[in-house]
Amino acid sequence: MPPETKDKRVAIAIWANGILTLAQVGGGIFAGSLALIADALHNFSDMAALVIAFAARKIARRPADSKMTFGYGRIEVVAALINYTTLIIIGIYLVYEGGMRIIDPPQIKGWWVVWLGGIALAVDALTALLTYSMQKDSVNIRALFLHNLSDALASVAVVIGGILILLYDLRWVDPAITIGIAGYILYLGLTEIGGTIRTLMLGSPVDIDTDAVILTLSNIEGVIDLHHVHFWQMGEHDASLDAHVVIEKSAWDQLESTKYRIKQALEQEFNINHSTLEFEHPDHIHKDAHIYGHG
């Protein structure tokens, strides 16, 4: 799918969530429903997340320059971190508000809750549908998709709550549903934010066995040892490595051939397409060097 088409999908979702947020806030205040306002806040966070994601996608496509020699692709990871953090903050706030409402349940206009919850469900389903095919390849869009998926589930809960209020005047159901929505929001935020932080902290890619990489490279003809090894991700899908490689004296005149075999093994066996290698002669090896890092 062309980037322009994806951008249009995100733009449509921004407008839909913006209009829905205004409708739910107004309706929630009028109906006295915290669950509607909770859903509205979640939708507002979706809209903010969509705006951040939209801007991040635009910035990420800029080419590398003298100020950002690695390029701008990691901005999408930053956007995902902002969105997950927002989810967690909103979840904590809603747990607090829901608890206060359970202690003293207010009067609630059930029909408003049902109608606005139903409209919200339609918009959330549309937004999730727009972002579903895009979320598989982008942590930024995945954060958006999870926002929208949790919104859709929250809207289902809001509608059910409104029906129970209409049928049985169970006013405590509204704040109880709010706390349930908040718990799910917190679960999503806390389980997903770890991978984003790992990338920003230059952690090793989760799907790469670093010890296996080092063992494979150490068994290449001409290689004696590796140390000062670093694994990280320049972007969400770009695994990288740099390392010091000690080469046998007898293989020193075949350095280019050895380097080619190392890079070929990295690409074909571990899908590491970016590597920086520093070769060391056995007579000038770093003493007591650690395998990982620069200890």
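As shown above, the structure is provided for reference.
Overview of the structure.

Calculation criteria
Residues numbered from 1 in each chain as written. Predicted model: local features only at pLDDT ≥ 70, side-chain atom pairs only at ≥ 80, totals over all residues. Heavy atoms only, no water. Helix = DSSP H or I, 4+ residues; strand = E, 2+ residues; numbered from the N terminus. Expected span 1.5 Å × (residues − 1). Bend = angle between axes of the 7 residues up to and from the residue. Buried < 20%, exposed > 50% of the residue type's maximum accessible area, 1.4 Å probe, protein only. Pairing = 2+ DSSP bridges. Axes fitted to C-alpha atoms, helices over the stretch in contact; angles between N-to-C directions. Phe/Tyr/Trp six-rings, centres within 6.5 Å; stacked < 30°, edge-to-face > 60°. Lys NZ or Arg CZ within 6 Å of the ring centre and 35° of its normal. Left-handed = near helix turned anticlockwise from the far one by under 90°. Contact = heavy atoms within 4.5 Å. Nonpolar A, V, L, I, M, F, W, Y, C, P; charged D, E, K, R; others polar. Patch = residues over 30% accessible without salt bridge, like charges linked within 9 Å, V, L, I, M, F, W, Y side chains within 5 Å. Areas by Shrake-Rupley, 256 points an atom, 1.4 Å probe, with all protein chains shown as cover. Salt bridge = Lys/Arg side-chain N within 4 Å of Asp/Glu carboxyl O. Arc of directions from axis to C-beta. Polar contact = N/O pair within 3.5 Å; in protein donor to acceptor, adjacent residues only side chain to side chain.

## Re helix 6 (residues 173-200)
Quick reminder: α-helices carry 3.6 residues per turn. Residues three or four places apart thus point the same way.
Next, step 1: Here helix 6 spans 40 Å end to end across 28 residues, near enough to the 40 Å set by a 1.5 Å rise per residue.
Next, step 2: If you look at helix 6, its biggest bend is around 30°, right at Ile-193.
Next, step 3: Looking one or two residues beyond helix 6, the residue adopting positive phi is Leu-202, at roughly 60°.

## Details of the environment of Val-159
Next, step 1: Structurally, the position occupied by Val-159 is in helix 5 (residues 139-168).
Next, step 2: Of the residues examined, Val-159 reaches a relative accessible area of 17% and is grouped as buried.
Next, step 3: Spatially, the C-alpha atom of Val-159 lies 5.2 Å from that of Gly-117, the residues being 42 residues apart in sequence.

## Regarding the sheet that holds strand 3 (residues 274-280)
Next, step 1: If you trace the three strands from one edge of the open sheet to the other, you get 1-2-3, paired in mixed fashion. Only two strands of the sheet have a single partner each, and these edge strands are strand 1 (223-233) and strand 3. This sheet shows a mean twist of 15° between the axes of neighbouring strands, independent of strand direction.
Next, step 2: Summarising the sheet, strand 1 and strand 2 (residues 239-247) pair through eight bridges and their orientation is antiparallel. Note on strand 2: the bridge partner recorded for His-230 is Asp-242.

## What about the packing of aromatic side chains?
Next, step 1: This structure, assessed with the given rule, holds one aromatic pair.
Next, step 2: Pairing Tyr-184 with Tyr-187 gives two aromatic rings, centres 6.5 Å apart and planes at 25°, and the pair type is stacked. You can see Tyr-184 and its partner Tyr-187 sitting in helix 6, three residues apart, about one turn around the helix.
Next, step 3: In this structure, Arg-62 is placed above the aromatic ring of Tyr-72, and the distance from its NZ or CZ to the ring centre is 5.6 Å.

## Regarding the packing of helix 7 (residues 210-218) against helix 8 (residues 255-270)
Next, step 1: Helix 8 packs onto helix 7 with a crossing angle of 140° between their chain directions and a minimal axis gap of 10 Å. The hand of the helix 7/helix 8 crossing is right-handed. Seen from helix 7, the contacting residues are Ala-212, Val-213, Thr-216 and Leu-217; seen from helix 8, they are Ile-262, Ala-265, Leu-266, Glu-269 and Phe-270.
Next, step 2: Taken together, the residues of the contact of helix 7 with helix 8 break down into seven nonpolar, one polar and one charged.

## Quick notes on a nonpolar patch on the surface
Next, step 1: A surface patch of nonpolar side chains, about 740 Å² in accessible area, is lined by Trp-111, Trp-115, Ile-163, Leu-166, Leu-167 and Tyr-168.
Next, step 2: Taken together, the elements giving at least two residues each to the nonpolar patch come down to helix 4 (110-132) and helix 5.
Next, step 3: Its place among the elements puts Leu-166 in helix 5.

## Considerations on the pattern of salt bridges
Next, step 1: Scanning the entire structure with this criterion turns up two salt bridges.
Next, step 2: Its salt-bridge partner being Glu-256, residue Lys-259 comes within 3.5 Å of it at the nearest N-O pair. Taken together, the residues span about one helical turn, with Lys-259 and Glu-256 both in helix 8 at a distance of three residues.
Next, step 3: Assessed through its relative accessible area of 27%, Lys-259 is described here as partly exposed.
Next, step 4: A residue is classified by how much of its surface remains accessible, and Glu-256, at 55% relative accessible area, is exposed.

## Considerations on the environment of Gly-26
Next, step 1: Looking at the element boundaries, Gly-26 is found in helix 1 (residues 3-31).
Next, step 2: A relative accessible area of 38% places Gly-26 in the partly exposed class.

## A few points about helix 7
Next, step 1: Where helix 7 is concerned, the buried positions are Thr-210, Val-213, Ile-214 and Leu-217. Considered in projection along helix 7, the buried side chains sweep an arc of 95° and stay on one side of the axis. Summarising the geometry of helix 7, the exposed residues directed more than 90 degrees from the buried face are Asp-211 and Leu-215.
Next, step 2: Considering only its buried residues, helix 7 is in contact with strand 1, strand 2 and helix 8.
Next, step 3: Among the residues of helix 7, the N-terminal cap falls to Asp-209, whose side-chain oxygen and the backbone nitrogen of Asp-211 are separated by 3.2 Å.

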